[in-house]
Amino acid sequence: GLKYTGEFASLFGTINGDGMENLNIEDAFGGYAELKYEKEDWTWKPEIGYAFSFASGDDDPNDGDAETFDQIYPLAHAYLGFIDFQGWQNVVSHEFSVSVKPLKKMLAKVDFHFFEQDNENDAWYGVSGAPNGGFTAAATSAVDADDEIGQEVDVTLKYQFFDCLNTAVGYSHFFAGDMIDDVTGNDDGADWVYLMTSIKF
């Protein structure tokens, strides 16, 4: 019942264009590791898991070096929360998950995410790879913002009606951390609800 996976990526070279001529890429790297355990012989087949994500940030955006990991082909939605506030850049993330199967065709899952910045002098990046609105490197460093981005909880319920038809409903809540409060003066969270149906032909 033990499952594990991991990956590591490192960037090197130079960046040209977009106002960033001849920046040397140094110490830009990211990694992901996940460990899960499932009791297949128990009723409801409970599974618990832990995942760690890391992507480097830049301690000095004006020193001619680019140290922020570039996720290049984003897929943060699958690993860093369903609300999509957090990209795989300048982040340290811990995820704890619990899932059960009350019925043969039903899966219920809860994920808890804890997000921090790798470097407080860098931006808060979204899933697109660009800084979230107002959270540039200049904005976070200007107020000496804390590195705590926030926490997110994702609740998902999936049901497969037929081999070709399944549906999922989910609810997510984001708890704003001290970094967001320091930059905006506002610590309000955010909610997201969705319903999705998939049909295979």
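Before any of the text, the structure's been laid out above.
Residues numbered from 1 in each chain as written. Predicted model: local features only at pLDDT ≥ 70, side-chain atom pairs only at ≥ 80, totals over all residues. Heavy atoms only, no water.

Undergrad: Outline the packing of aromatic side chains, supporting the account with residue identities and numerical values.
TA: Two aromatic rings, taken as a pair, are described by how far apart their centres are and by the angle between their planes. In total, this model carries 13 aromatic pairs according to the counting rule given. Taking the centre distance of 4.9 Å and the plane angle of 65° together, the rings of Phe69 and Trp88 count as edge-to-face. Placement of the pair is Phe69 in the loop between strand 4 (65-66) and strand 5 (91-100) and Trp88 in the loop between strand 4 and strand 5, with a sequence separation of 19 residues. The exposure class of Trp88 is buried, given its relative accessible area of 16%. An aromatic cluster is present here, built from Phe85, Trp124, Phe135 and Phe174 joined pairwise through their rings. (Phe/Tyr/Trp six-rings, centres within 6.5 Å; stacked < 30°, edge-to-face > 60°. Helix = DSSP H or I, 4+ residues; strand = E, 2+ residues; numbered from the N terminus. Buried < 20%, exposed > 50% of the residue type's maximum accessible area, 1.4 Å probe, protein only.)

Undergrad: Explain a nonpolar patch on the surface residue by residue, including any values.
TA: On the surface, Leu2, Tyr4, Leu35, Tyr37, Ile48 and Val98 cluster together into a nonpolar patch covering about 660 Å² of accessible area. If you list the elements that add at least two residues to the nonpolar patch, you get strand 1 (2-15) and strand 2 (23-38). Checked against the element boundaries, Ile48 lands in strand 3 (residues 47-55). The exposure class of Ile48 is exposed, given its relative accessible area of 52%. (Patch = residues over 30% accessible without salt bridge, like charges linked within 9 Å, V, L, I, M, F, W, Y side chains within 5 Å. Areas by Shrake-Rupley, 256 points an atom, 1.4 Å probe, with all protein chains shown as cover. Salt bridge = Lys/Arg side-chain N within 4 Å of Asp/Glu carboxyl O.)

Undergrad: So what's going on with a negative patch on the surface? Residues and values would help.
TA: Residues Glu120, Asp144, Asp178, Asp182, Asp187 and Asp188 make up a contiguous surface patch of negative charge. Judged by its relative accessible area of 39%, Asp178 falls in the partly exposed class. (Lys, Arg positive; Asp, Glu negative; His and termini not counted. Charge placed at Lys NZ, Arg CZ, Asp CG, Glu CD.)

Undergrad: Residue-level account of the nonpolar core, with values.
TA: Trp88, Phe115, Trp124, Ile149, Phe174, Met179 and Ile180 are the most contacted members of the largest nonpolar core, which totals 20 residues. Looking at this core, the elements that each hand over two or more residues are strand 2, strand 8 (165-176) and helix 2 (178-184). Residue contributions to this core peak at three residues, all from strand 2. (Core = buried A, V, L, I, M, F, W, Y, C linked by side-chain atoms within 4.5 Å.)

Undergrad: Just give me the short version of the pairing of strand 8, but keep the residues and values in it.
TA: Relative to strand 8, strand 7 (residues 148-162) is paired through 12 bridges, and the arrangement is antiparallel. Paired with Val153 across the two strands is His173, which belongs to strand 8. Here strand 7 folds back onto strand 8, and the loop between the two strands holds two residues. Looking at chain direction, strand 8 and strand 9 (residues 190-199) are connected through 10 bridges and run antiparallel. Bridge pairing in strand 9 places Thr167 opposite Thr197. (Pairing = 2+ DSSP bridges.)

Undergrad: Break down unusual backbone geometry for me, with residues and values.
TA: Of all residues except glycine, most have a negative phi; of all peptide bonds, most are trans. One non-glycine residue, Asp84, lies in positive phi territory at about 70°. On the secondary structure map, Asp84 appears in the loop between strand 4 and strand 5. In the Ramachandran plot, Asn90 falls in the positive-phi region, its phi being about 45° despite a non-glycine side chain.

Undergrad: Before we move on, could you go through the pattern of salt bridges and cite the residues and values that matter?
TA: Considering all chains together, one arrives at six salt bridges under this definition. Where Lys3 meets Glu47, a salt bridge forms, and the shortest distance between an N and an O atom there is 3.0 Å. One end of the pair, Lys3, is in strand 1; the other, Glu47, is in strand 3, and 44 residues separate them in sequence. Between Lys109 and Asp111 there is a salt bridge whose closest N-O contact spans 3.8 Å. Here Asp111 falls in the buried class, since its relative accessible area comes to 3%. Each of the salt bridges in this network shares a partner with another, and the network as a whole consists of Lys3, Glu34, Lys36, Glu38 and Glu47.

The analysis is restricted to geometry; functional conclusions fall outside its scope.
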